[in-house]
Amino acid sequence: MNAWFVTGTDTGVGKTLVSCALLHALARRHPRVVGMKPVSAGLVQTPDGWDSEDAIALRAASTVRVPPALDNPVRLPDPLSPHIAAERAGTRIDIDHLVACQRALAQHADAMVVEGAGGFLVPLSPEHTGADLAQAMGLPVLLVVGLRLGCLNHALLSAEAIRARGLTLAGWVANRIDPAMAAANDNIAFLRQRLGARLLADIAHCTATDFRAVPIELP
């Protein structure tokens, strides 16, 4: 099936925005598309109980409905690094279980987008990171680069870490999260030369939530 793992140069760089935009783009080619948020840290109150804002957005961009136990198997109350949030919740994040959920979810869709938590090496437990999860799933990776001062280092390090795990960097997205960033176009031009992967989208700074309106190329 068509499936990708979306990671970012940091937290808050637009992984959910990109994941939802990609789901909408995939839905124009595939009848069944689904998003997955294996680990979410930080929940909001909804009419149906506590839930993850990221998972809610991914479900809205998906075309099939699946049990929350599959598309967001680990929901942690505190908005902290997952390993700390899990410890406070008295639980432990099991990568094998997350992979099993992803495999089961794949049976319901023609295309899938898996959104990681935080950056590529975010700790999930004292022993494992998000990189271990991405490697266990074995999916090609999309990197969301939050355009702000310091992003070149973060992007190059992330790309190096992705490839060091034997994973394919299938593409990257430039998200202009800092509208006042100086030389933003020069930074994008540098990364186009150095990342060795295709630029799938250059997203202007905005606060819009209509992910269908975000132009993105398919990897």
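Now for a description of the structure that goes with this document. Note that the structure is predicted; figures quoted are calculated from it, not measured.

### Let's talk about the overall build of the chain
Each helix and strand counted, the chain has 8 helices and 10 strands in total. Over its C-alpha atoms the chain spans a radius of gyration of 16 Å, differing by no more than 12% from the 17 Å that the globule rule assigns to 219 residues. With the principal axes as the frame, the chain shows a C-alpha extent of 45 × 40 × 35 Å. Going through the 219 residues of the chain one by one, you find that 53% of them count as buried. Within the chain, contacts between residues separated by at least 24 positions form 78% of all contacts whose residues are at least 6 apart in sequence. Carbon and sulfur atoms form 51% of the exposed surface of the chain, whose accessible area is close to 10,100 Å². Here the chain carries 19 positive and 20 negative side-chain charges, and the mean point of each set is 6 Å from the other.

### Comments concerning the sheet that holds strand β1 (residues 2-8)
Taken together, 6 strands build an open sheet; the order of strands is β2-β7-β1-β8-β9-β10 and the sheet is parallel. Each end of this open sheet is capped by a strand with a single partner; those strands are β2 (33-36) and β10 (199-203). Ignoring which end each strand starts from, the neighbouring axes of this sheet average 20° apart. Looking at chain direction, strand β8 (residues 141-146) and strand β9 (residues 169-175) are connected through 6 bridges and run parallel. When the bridges of β9 are listed, Val 141 appears paired with Leu 169. Its contacts with the sheet place helix α6 (residues 130-137) against β1, β2 and β7 (111-119), and it is angled at close to 170° to β1.

### Details of unusual backbone geometry
The backbone of Ala 183 sits at a positive phi, close to 55°, despite the residue not being glycine. Among the secondary structure elements, Ala 183 is positioned in the loop between β9 and α8 (184-194).

### Regarding the environment of Ile 188
As for its position among the elements, Ile 188 is in helix α8. Classification of Ile 188 by relative accessible area gives buried; the value is 5%. Non-local contacts of Ile 188, meaning those with residues more than four positions away in its chain, are made with Leu 147, Trp 172, Ala 174, Arg 176, Leu 199 and Asp 202.

### Side note on the nonpolar core
Phe 5, Ile 93, Leu 133, Met 137, Val 145 and Trp 172 are the most contacted members of the largest nonpolar core, which totals 50 residues. Broken down by element, this core gets its largest block of residues, 6 residues, from helix α5 (residues 95-106). Here Phe 5 is in contact with Val 114, Gly 116, Gly 130, Leu 133, Ala 134, Met 137, Leu 139, Pro 140, Val 141 and Leu 142, once residues within four sequence places are set aside. One finds Val 6, Ala 111, Val 144 and Ile 216 within the second-largest nonpolar core, a separate group that totals 27 residues.

Parameters and conventions
- Residues numbered from 1 in each chain as written.
- Predicted model: local features only at pLDDT ≥ 70, side-chain atom pairs only at ≥ 80, totals over all residues.
- Heavy atoms only, no water.
- Helix = DSSP H or I, 4+ residues; strand = E, 2+ residues; numbered from the N terminus.
- Rg over C-alpha atoms; globule rule 2.2 N^0.38 Å.
- Buried < 20%, exposed > 50% of the residue type's maximum accessible area, 1.4 Å probe, protein only.
- Contact = heavy atoms within 4.5 Å.
- Areas by Shrake-Rupley, 256 points an atom, 1.4 Å probe, with all protein chains shown as cover.
- Lys, Arg positive; Asp, Glu negative; His and termini not counted.
- Charge placed at Lys NZ, Arg CZ, Asp CG, Glu CD.
- Pairing = 2+ DSSP bridges.
- Axes fitted to C-alpha atoms, helices over the stretch in contact; angles between N-to-C directions.
- Core = buried A, V, L, I, M, F, W, Y, C linked by side-chain atoms within 4.5 Å.

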